[in-house]
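Geometric and topological summary
Listed here are the chains, written in short residue letters.
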Amino acid sequence: MCASVKYNIRGPALIPRMKTKHRIYYITLFSIVLLGLIATGMFQFWPHSIESSSDWSVQKRSIRDVPVVRLPADSPVPERGDLSCRMHTCFDVYRCGFNPKNKIKVYIYSLKKYVDDAGVPVSSTISQEYNELLTAVADSDYYTEDIARACLFIPSIDLLNQNALRVKETAQALAQLSRWDRGTNHLLFNMLPGGPPDYNTALDVPRDRALLAGGGFSTWTYRQGYDVSIPVYSPLSAEVDLPEKGPGPRRYFLLSSQMALHPEYREELAALQARHGEAALVLDKCTNLSEGIPAARKRCHKHQVFDYPQVLQEATFCVVLRGARLGQAVLSDVLRAGCIPVIIADSYILPFSEVLDWKRASVAVPEEKMSDVYSILQSIPQRQIEEMQRQARWFWEAYFQSIKAIALATLQIINDRIYPYAAISYEDWNDPPSVKWGSVSNPLFLPLIPPQSQGFTAIVLTYDRVESLFRVITEVSKVPSLSKLLVVWNNQNKNPPEDSLWPKIRVPLKVVRTAENKLSNRFFPYDEIETEAVLAIDDDIIMLTSDELQFGYEVWREFPDRLVGYPGRLHLWDHEMSKWKYESEWTNEVSMVLTGAAFYHKYFNYLYTYKMPGDIKNWVDAHMNCEDIAMNFLVANVTGKAVIKVTPRKKFKCPECTAIDGLSLDQTHMVERSECINKFASVFGTMPLKVVEHRADPVLYKDDFPEKLKSFPNIGSL
Amino acid sequence: MQSWRRKSLWLALLASWILVLLGLFPLLRLAVPTSPRAGAPRGWPRWLDAELLQSFAKPGELLEDGPRPPQALRGGSCNWGACFDTSKCRGGGLKVFVYPAAGPVSETRRRILASVEGSRYHTLSAAEACLLLLLSPDTSTGECDPVPPQWDGGRNHLVLSLHPAPCPRTFQLGQAMVAEASPTVDTFRPGFDVALPLLPEAHPLRGGAPGQLRQHSPRPGVALLALAEDGGRWHVAGTDFSACPWDGRCEQDRGPKQTHPGATLPNATFCLIPGRSPDVLHFLQALQAGCIPVLLSPRWELPFSEVIDWTKAAIVADERLPLQVLTALQEMPLTRVLALRQQTQFLWDAYFSSVEKVVHTTLEIIQDRIFGPSAHPSLLWNRPPGAILALPTFSPSPSDFPFYHLQQGSRPLGRFSALIWGGAPGQPPLKLIQAVAGSQHCAQILVLWSSEKPPPTRWPKTAVPLTVIDGHRKVSDRFFPYSAISTDAILSLDAHSSLSTSEVDFAFVVWQSFPERMVGFLTWSHFWDEARGGWGYTAKRTNEFSMVLTSAAFYHRYYHTLFTHSLPKALRTLADEAPTCVDVLMNFLVASVTKLPPIKVPYGMWHQEARPPPLEPGGPGLRQEPQPAAQNCINQMAAGFGHMPLVSSRLRLDPVLFKDPVSVLRKKYRSLEKP
C-alpha cells in the first residue's frame with residue numbers, strides 16, 4: 001500500500017510531459033499486467049486448491065496405511081519396572097527446563113504397526129479409547145510436535161488392555177522407540193493389567209523407568225509419587241444416556257451390581273440381603289435373557305430383571321468389590337449414578353488418589369469387615385450421605401466422564417509434580433463448583449494480633465490544598481503509633497511545597513509525586529510502606545483526634561483483615577427501583593467505611609492495584625469517584641467479613657459544617673455513588689458487602705469512670 | 001479533455017496497483033504454509049476409519065474378569081484393612097495402652113509417656129485397649145526391649161520412635177504399625193505407618209513455643225532465602241542470589257557469607273532444605289519461624305502426610321533445577337506467599353509445637369482410620385484450629401462448627417438457646433426469664449437445675465418452650481453438651497444475672513458476626529503479677545479485658561462438647577473444686593482455640609446496683625470478684641495448658657448510634673442507654 005501511495009504522489013509531475021504514443025504504450029502495458037494478474041488469481045482459486053488446502057489442516061489417513069515395523073526376535077527387551085523409582089531418581093527433569101507457563105510439553109510418537117519376525121502383529125494397532133486419549137493429548141496445551149523440546153513422551157503403542165497384546169514383543173517395540181532411553185520420561189497408559197492366572201496389579205510389560213498410568217494398582221506395585229492411578233474407563237458410560245439424579249433418599253440402601261464375584265463374596269452378600277430384606281439388593285447375571293438383548297445392560301435378582309446402569313440410580317450405596325483385578329469399571333458407572341461407592345478391595349489405590357480426597361465420596365471397608373458393611377454405612381448421617389452423593393457425581397463429571405478427562409487429569413498430576421509451585425490446590429481438585437462459588441478463603445486467615453510496636457504508615461492523598469494538608473499532617477503526627485507519613489502528591493501541574501515549608505514532625509515524611517491525577521494512586525503499594533497497617537486519610541480530615549486515631553490503630557490490630565474506618569456508610573436495596581442505593585444518613589447499620597479515614601492491611605493495596613476484578617479500576621479513574629466503595633467491595637469479597645466502624649465520630653472536616661459529611665451533598669453525588677454500587681455488584685457478580693449493627697468504642701467509653709484513668713479519653717461524640 | 005484523460009489514466013494506474021496487491025496476497029499465502037508442512041502430520045491424525053476401531057476391552061471383559069479368591073495376606077506387607085483389627089475398638093472407640101518402661105527412662109520417653117497418659121484415649125488395661133503402644137528405646141538407654149507380653153505378632157500394635165530407629169529391632173515387626181520420625185519413602189507404608197516429625201531433644205511436653213510469625217506479610221527487605229546448614233544453622237542469603245547457596249560453590253564465587261551463627265531460627269521468606277535426612281530437624285525450625293520450607297527432593301516422608309496437605313505450607317521442589325526453583329520463588333505471587341506463611345504457623349501451632357501435640361496427632365490419625373466415614377474431613381485437619389480441637393464426634397458437617405462458615409459459605413443458625421444455671425431456693429428468676437424470652441431471637445429456655453432441692457414446680461409462662469434439666473450438681477455441668485440444646489448459639493446465664501431484652505438482642509446480633517468467639521457483658525482481665533511471680537486476674541474495670549463471665553455470655557454450643565470431651569480431667573476437677581475457676585477455664589479453652597480475645601458488649605450499670613448479695617458458696621451465684629484463693633486457679637490453668645492462651649482486647653462493640661447526641665427515635669437499641 002505504501003508503495004502505491006508514493007507513486008501517486010510523484011505522478012502528477014510526470015504525466016503532463018508524456019506523449020500520446022507513450023500513453024497508449026503505458027495503457028497496453030498495464031492491461032497486460034492486469035490480465036496476468038487476473039489469470040494468477042483464477043489459478044489460485046481453481047478447484048485444485050481444495051486438495052492443497054487439506055494439507056494444512058489435520059491429516060486424514062487410514063489406520064490400515066500406517067507403516068509396519070518388523071521386530072527381530074532378538075531385539076532388546078527393557079528391564080522390568082524399577083520399584084524404587086521416584087521423580088527425583090528416575091525422571092529427567094532437565095528435559096522440562098524452565099517454562100514460563102509452567103506446562104510440560106508432551107510428544108506423541110507416530111502410529112506404527114509392529115509385527116514379529118513371522119509377520120504376526122504384536123497387538124491390535126490401536127483401540128478406540130487409546131485413539132481418543134491420544135487425540136485429547138494432542139489437542140491440549142501440553143502437546144508439542146517437536147520431539148527435541150518434549151519433556152514427556154507418550155508411545156502410540158496401545159497398552160490399555162494387557163490381554164490384547166503380547167508382552168515380550170510389546171516390550172521390544174517400546175525399547176526401539178527413538179527416545180526410549182530406558183523408558184525415562186515415557187508415560188504408558190494401562191487400564192486392564194495382569195492376566196490369568198495370577199492377575200498382577202500392574203502392567204506386566206517390562207518397561208524399565210517409564211511412568212505408568214495404571215488402573216488397578218495395589219499398594220505393592222504403586223510407586224507413590226511416580227505412577228498415576230487412573231480409573232478403568234467404562235465404555236457403557238458413553239453409550240447410555242443417563243439423566244442426572246440429585247442427591248437424596250433412594251429406594252435401596254445398598255446395592256451390588258457386579259456379575260463376576262467370588263462365591264465367598266456372593267455368600268456374604270446373600271447373607272446381607274437376607275438380614276436386611278428390601279433395603280439391600282444383590283444383582284447377578286441374567287440367565288434366561290431372550291436373544292438380542294445385550295447382557296451387559298441387564299441385571300437380575302431371582303426372576304426380576306433390572307436395567308443397568310439405570311438401577312444404580314435407585315441406590316444410596318453401591319458395592320464395588322474387587323474381582324481378579326482391583327480396578328473395576330463399575331466404579332465409574334456407580335459414581336455417575338450418584339451412588340456412593342463402597343470400596344471393598346484391600347490395598348487398592350483408588351484412581352487419582354494422589355489428588356482426590358476419596359473419603360468425601362466413598363466408603364472403604366476392609367475385606368475382612370464385609371459382614372459389618374451394613375452397620376458401618378448406617379452410622380453415616382443423612383446430611384453426610386447427600387454430601388457424598390454430590391461429591392461422587394462431581395468426581396465422575398470432572399475426572400471419569402470421558403477418556404479425555406482421564407488423560408488430562410493424569411497429565412495435570414504429572415505437571416504439578418514438575419512445577420510444584422504452580423500446582424493446583426486440594427480445593428481446586430476436590431470442591432464441586434457449587435462449593436467453590438460459595439466459599440471464601442480469607443487471604444489473612446491466621447488469627448494474629450500484630451505487635452503494637454510496628455506502628456502504621458499514614459498515606460495522605462492531596463492535590464493542592466496545602467494549608468489543610470499541613471493541618472492534617474500536624475494532627476496525625478501526634479499519634480504515638482505513627483511510624484511514617486507518606487504524601488501522595490496528585491497534582492502534575494504544580495510542585496509540592498519546598499522541604500523547608502513542611503511541618504516538622506517526629507517521623508519520616510515522604511512525598512510521592514504521581515504521573516497522573518488518578519484516584520487509584522492512593523491505593524498503590526508504594527515501596528515506602530514498610531508497616532502492615534496503612535492509614536488512608538484525606539487532606540481535609542482535620543477533626544480526628546490523636547486518641548481516636550490511636551484507638552483506631554488498636555482496633556485494626558485486633559481485626560487486621562478488615563477495613564477499620566471512621567466514616568460509616570450503608571448500602572440498601574431499593575425495592576421500587578430494584579437496585580442498590582447508597583446511604584449516608586446516620587443509621588443503625590454500617591456496611592462500608594470510607595477510605596477518607598480508614599486503617600487497613602497494606603496487602604489490600606496490592607490487591608486493589610493488581611487484582612481488582614473487571615474494569616473497576618479504570619472505571620474509578622475515569623469517573624474520579626468511588627475508589628473507596630471499590631476498596632470496600634474488594635476487601636469484603638476476599639475476606640467475607642464486614643467492616644469495623646470506629647468511635648461515634650461522624651463529622652470530619654470542619655466544626656462549622658453542620659450537615660452530613662461527604663465530598664458533596666447534592667443529589668447527583670448520591671446518584672453517582674449509588675451507580676457505583678450497582679456497577680461493582682454486577683462486576684463482582686454478587687453483593688459482597690456485609691451489614692453490621694455494631695461499632696468499636698474503647699472499653700470504658702461513656703462509662704461512669706474517671707476520665708483521666710481512661711486510655712482514650714478524647715473521643716469526640718459526633 | 002486533457003484533464004479527463006489524465007484522470008482516466010490515473011484511475012487505470014490505481015486499479016492495476018490494487019490488483020497487483022490483491023493478487024500478491026494469495027500468492028504469499030500459498031508460499032508460506034506449504035513448504036514446512038509438507039508431509040508432516042499436525043497433531044494426532046484424525047483417522048478416516050476411527051469409527052471402525054474396536055474398544056480396548058471386549059464387552060464382557062470389563063464385567064467378568066474371572067473371580068479370584070480373597071487374597072491371603074502377603075508376608076511382610078501390611079495395610080490397614082488386613083493388619084489392624086478394628087473390632088477391638090468397637091466399644092469405646094480408640095483405647096490406648098502403653099507398655100510400662102523397663103528400667104530407667106530418658107527425658108523424651110518420659111514426655112511421650114506423660115502425653116499418652118494425659119490423653120483421652122489412655123487406658124490402664126491391656127485387655128481393654130484396641131491399640132497397644134510400644135515405645136521404641138532411644139539411644140540414651142541403648143538396650144532394646146524384649147518382645148512385650150501381648151505382642152500377638154504385632155497385631156494392633158504401634159511402635160513409636162521419635163528418633164529414627166537407633167536400635168536394630170530384636171524382634172520382627174510383624175503386623176505392627178510404625179510411627180517413626182522422618183521415615184524414608186522407600187520403607188514407609190502409606191495409610192498404615194505414621195510419619196512423625198524429628199523432634200529436638202528439648203522439645204517441650206505441652207504448650208510449646210508459639211510460632212515466630214508476628215505479621216501476615218513478610219517484612220520489607222527481609223531475605224528471600226535461608227539455606228539449611230549442618231549443625232542446625234542457617235545461611236541467610238541476600239536478595240541477590242544465584243544458584244550457589246546449595247551447590248556448595250558459594251565460598252569461591254561470592255563475597256562474605258551472611259551467616260548468623262547465633263540465630264537458630266531463620267529469618268527469611270523461604271527456607272531451602274536439602275533432601276538428605278540429617279536436615280529434617282531444619283524442617284520444624286522453618287515451620288516455627290514462619291519461613292516457608294522449600295524441600296529439595298526429600299527422601300523422607302513429610303510428617304503426618306496422611307492428613308496434612310503439605311502443598312498448602314511447603315514446596316517440594318526438584319533439587320536438580322536450582323535456577324528454575326529460584327526463579328519460581330522470586331516470582332511467586334504475593335497471595336500465595338501469604339497463604340503459605342500463615343499455614344506454616346497454623347500447622348506448627350496445631351500439631352508440632354509440643355511432644356503432647358505430636359503424640360495426640362498420631363493417635364488422632366489412628367482414630368480417624370478406625371472411624372472410617374466419620375473421620376475428620378480434610379478441611380478440619382488443614383484449617384485453623386486444627387483437628388485436635390475440632391472433634392469429629394460433634395458433627396460430620398463442617399458448617400456445624402463455629403470455624404468454617406467462610407469456607408463453607410454458610411451462616412450460624414439465627415436463633416439461640418438460653419441456658420440458665422439455677423439451684424437456689426425461692427422464686428424462679430422471673431425477670432430474667434421474661435427479658436430473655438422477650439428477645440425475637442430466642443428459640444428456647446433451658447433451666448439447668450443443680451441443687452439438692454427439687455426445682456420449683458411452677459415456671460412463668462413464656463412465648464418460647466421452657467425445659468428444666470436436672471444437672472449433676474457440679475459446676476462443670478453447665479458446660480455439658482445437653483442434647484436438648486437445639487441451636488448453634490447458647491446464652492449462658494446464672495439465675496442471678498440481670499439483663500434487658502435489648503442487651504440480649506444486640507449481643508446476639510454481634511455474636512452472629514463472631515460465632516467462634518465468646519460475646520459477653522461482664523469482663524475480667526488477667527495480668528502478670530511481678531510481686532508473686534505468677535498470673536493474676538481482676539474484675540476491676542480497666543481499659544482492657546481478656547475474659548468474659550459465663551454468667552451472661554453468648555458462645556457456640558460446640559464449646560460445650562470441647563469442654564466436656566477434650567479438656568484434661570484434672571482441669572475440670574479443678575474447676576469443680578473452685579467454682580470461680582470454671583469461668584477462667586472456659587475462657588482459656590475458647591482463647592486457646594481461637595487465639596483471639598472475647599468480645600464485650602455494653603451492659604447497663606443499673607443492673608449491678610440492683611444485685612442481691614452472693615448466696616451459698618459453691619452453688620450458682622455471683623462470681624463477680626475472684627476470691628484471693630481462686631487467684632491461684634489461673635496459674636494452675638496456665639500450667640495445665642502449658643502456656644497463657646488469654647488475649648487482651650481494648651475495645652467494646654456498641655450499637656452504631658450508641659449514646660450519640662441524636663434523636664433517640666433514630667436508635668434501634670434505645671433501652672441500652674438508660675442512665
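For clarity, every value in this text was computed on a predicted model and none was experimentally measured.

All names here are of chain A. Enumeration over the complete set of coordinates arrives at 59 aromatic pairs over all chains. A centroid spacing of 4.8 Å and a plane angle of 75° characterise the contact between Trp573 and Trp580, whose relative ring orientation is edge-to-face. What makes Trp573 partly exposed here is its relative accessible area of 39%. By the ring-pair criterion, three or more aromatic residues cluster together here, those being Phe352, Trp358, Trp394, Phe395, Tyr399, Phe400 and Trp429. When the ring centre of Tyr308 is taken as reference, the NZ or CZ atom of Arg299 above it lies at 3.9 Å.

Right, let's talk about the UniProt feature "domain: Exostosin GT47" (unreviewed entry) in chain A for a bit. Under the feature "domain: Exostosin GT47" (unreviewed entry), the UniProt entry names residues 101–380 of chain A. Taken end to end, residues 101–380 of chain A is 19% helix and 18% strand, and its two terminal C-alpha atoms sit 44 Å from one another.

Attention now moves to the interface of chain B and chain A. Tallying the contact residues gives 143 residues for chain B and 163 residues for chain A. Across the chain B to chain A interface the summed buried area is about 13700 Å²; carbon plus sulfur atoms make up 59%. Summed over the shared surface of chain B and chain A, the result is 14 salt bridges. Among the salt bridges present, the one from Arg86 of chain A reaches Asp186 of chain B, with a minimum N-O distance of 3.8 Å. At the junction of chain B with chain A, the criterion picks out 50 residue pairs in polar contact (both at pLDDT 80 or more). Considering each element in turn, the side of chain B that touches chain A owes the most residues, 19 residues, to helix H1 (residues 2–37) of chain B. Its residues placed into classes, the side of chain B that touches chain A shows 67 nonpolar, 37 polar and 39 charged. Pairing of strand S26 (residues 694–698) of chain A with strand S22 (residues 651–655) of chain B involves 5 bridges; the strand directions are antiparallel.

Residue and element names in this part refer to chain A. In spatial order, the strands read S22-S21-S23; together these 3 strands make up an open sheet with antiparallel pairing. Bordering the open sheet on either side are strand S22 (579–583) and strand S23 (592–593), each of which pairs with just one other strand. Pairing of strand S21 (residues 568–574) with S22 involves 5 bridges; the strand directions are antiparallel. Across the sheet, the residue bridging to Leu570 is Glu583, located in S22. Sheet strands touched by helix H20 (residues 667–684): S21, S22 and S23. Its angle to S22, the strand with the most contacts, is close to 135°.

Definitions and cut-offs
- Residues numbered from 1 in each chain as written.
- Chains lettered and ligands numbered in written order.
- Predicted model: local features only at pLDDT ≥ 70, side-chain atom pairs only at ≥ 80, totals over all residues.
- Heavy atoms only, no water.
- Phe/Tyr/Trp six-rings, centres within 6.5 Å; stacked < 30°, edge-to-face > 60°.
- Buried < 20%, exposed > 50% of the residue type's maximum accessible area, 1.4 Å probe, protein only.
- Lys NZ or Arg CZ within 6 Å of the ring centre and 35° of its normal.
- UniProt positions renumbered as here; feature names shortened; annotations may be inferred.
- Helix = DSSP H or I, 4+ residues; strand = E, 2+ residues; numbered from the N terminus.
- Contact = heavy atoms within 4.5 Å.
- Buried area = accessible area lost by both parts, 1.4 Å probe.
- Salt bridge = Lys/Arg side-chain N within 4 Å of Asp/Glu carboxyl O.
- Polar contact = N/O pair within 3.5 Å; in protein donor to acceptor, adjacent residues only side chain to side chain.
- Nonpolar A, V, L, I, M, F, W, Y, C, P; charged D, E, K, R; others polar.
- Pairing = 2+ DSSP bridges.
- Axes fitted to C-alpha atoms, helices over the stretch in contact; angles between N-to-C directions.

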